[in-house]
Amino acid sequence: MRFTMHPHAHWLGVAGLTPFWGLPLLAGLGLLGIEAAQSAFLAYSAVILSFLGGIHWYASVIARPEPTQTYSAMLPSLIAWLALVLLPTGFALVVLALSFVTLLIYDFRTLSPPPGYWNLRTTLTTVAVICHGWMALI
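Only a predicted model underlies this, so the values are computations on that prediction, with no experimental measurement involved. Note on numbering: residues in each chain are counted from 1, in written sequence order. Whole-chain, interface and lining totals are the exception, using all residues; otherwise, since this is a predicted model, local features are given only for residues with pLDDT of at least 70 and side-chain atom pairs are given and counted only at 80 or more. To obtain the side-chain values, all non-hydrogen atoms of the structure were used and water was disregarded.

Peer 1: Looking at this structure, I do not really get the overall build of the protein chain. What am I missing?
Peer 2: Along the protein chain, the regular secondary structure elements total 6 helices and 0 strands. In this description the radius of gyration comes from C-alpha coordinates, and the expected globular size is given by 2.2 Å times residues to the power 0.38. For a compact globule of 138 residues, the expected C-alpha radius of gyration is about 14 Å, and the protein chain comes in at 16 Å, within 12% of that figure. Overall size of the protein chain, expressed as C-alpha extent along the three principal axes, is 50 × 35 × 15 Å. For every residue, the accessible area obtained with a 1.4 Å probe (protein chains only) is divided by the maximum for its type, and the residue is called buried under 20%, exposed over 50%, and partly exposed between those limits. Expressed as a percentage of the 138 residues in the protein chain, the buried residues total 33%. By sequence separation, contacts in the protein chain at least 24 residues apart represent 71% of the contacts at least 6 residues apart. Shrake-Rupley sampling with a 1.4 Å probe provides the accessible areas, and residues are treated as covered by the protein chains on show and by no other component. For the protein chain, the exposed area adds up to about 8,200 Å²; of that, 73% sits on carbon and sulfur atoms. Secondary structure counts use DSSP, requiring at least four H or I residues in a row for a helix and at least two E residues in a row for a strand, with both numbered from the N terminus. Two residues form a contact once any of their heavy atoms are found within 4.5 Å.

Encoded structure:
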């Protein structure tokens, strides 16, 4: 069974970047405290990384691949939570950014998404990772 990407996926994905660029911008302009911006940024990053792991959960339930994909579906959530609650802000930003890149690479190896997904996903991941660096510099 071949799926197609929902026509609104592109715009919803782009809109989902708003906290990634908006929080560093607000902090940089002095409109939001740096600690508040970093805290909100880390929380949002952890949520989105967990969401991306959910893609593998769905794929493992539908396609029933090797059990490793089911287990790996949980890793992004665990990494995100550990980064959020255990790591200092700067290190958490690095761990989360690297997790987004690592998950994208893993996705290329394991998923068979609909047309247009890779362009969208690569763009969204690139912007999110750049924004992690931006937040780290503030």
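Still to come is the rest of the account.
Peer 1: In this structure, what is going on with the pattern of salt bridges? I would like to understand it.
Peer 2: Between side chains of opposite charge, pairing is possible as soon as their charged atoms come close. Salt bridges are defined by distance alone: a side-chain nitrogen of Lys or Arg within 4 Å of a carboxyl oxygen of Asp or Glu. Applying the stated criterion across every chain yields a total of 1 salt bridge. Across the salt bridge formed by Arg121 and Asp107, the nearest N and O atoms sit 2.1 Å from each other. Separated by 14 residues along the polypeptide, Arg121 in helix H6 (residues 117-137) and Asp107 in helix H5 (residues 89-110) bring together distant segments of the chain. On the basis of relative accessible area, Arg121 is assigned to the buried category, the value being 4%. Take Asp107: its relative accessible area is 0%, and that puts it in the buried class.

Peer 1: Just checking my understanding: could you explain a nonpolar patch on the surface for this structure?
Peer 2: On the surface, Trp57, Tyr58, Val61, Ile62, Met74, Leu75, Leu78 and Ile79 cluster together into a nonpolar patch covering about 740 Å² of accessible area. Position of Val61 relative to the elements: it lies in helix H3 (residues 34-63). With a relative accessible area of 44%, Val61 lands in the partly exposed category. Put simply, a patch holds well-exposed residues, over 30% relative accessible area, that have no salt bridge, with like charges counted together within 9 Å and Val, Leu, Ile, Met, Phe, Trp or Tyr side chains within 5 Å.

Peer 1: Looking at this structure, I do not really get the packing of aromatic side chains. What am I missing?
Peer 2: Centre-to-centre distance and the angle between the planes together describe a pair of aromatic rings. Side-chain rings of Phe, Tyr and Trp (the six-membered ring for Trp) are treated as a pair once their centres are within 6.5 Å; stacked means planes under 30 degrees apart, edge-to-face means over 60, and tilted covers the remaining angles. Applying the stated criterion across every chain yields a total of 5 aromatic pairs. Three or more aromatic residues link up through ring pairs in this structure, and these residues are Phe20, Phe41, Tyr44 and Phe100.

Peer 1: Even after reading the chapter, I still don't get the nonpolar core, so can you show me in this structure?
Peer 2: Where a protein is soluble and globular, its nonpolar side chains tend to be buried together. Counting residues in each nonpolar core, the largest one holds 22 residues, and the members touching the most others are Phe20, Phe41, Leu49, Leu96 and Met135. Per-element accounting of this core gives the leading share, 6 residues, to H3. With residues near it in sequence (within four places) discarded, Met135 still touches Leu23, Pro24, Ala37, Gln38, Phe41 and Leu93. In these notes, a set of buried Ala, Val, Leu, Ile, Met, Phe, Trp, Tyr and Cys residues joined through side-chain atoms within 4.5 Å is what counts as a nonpolar core.

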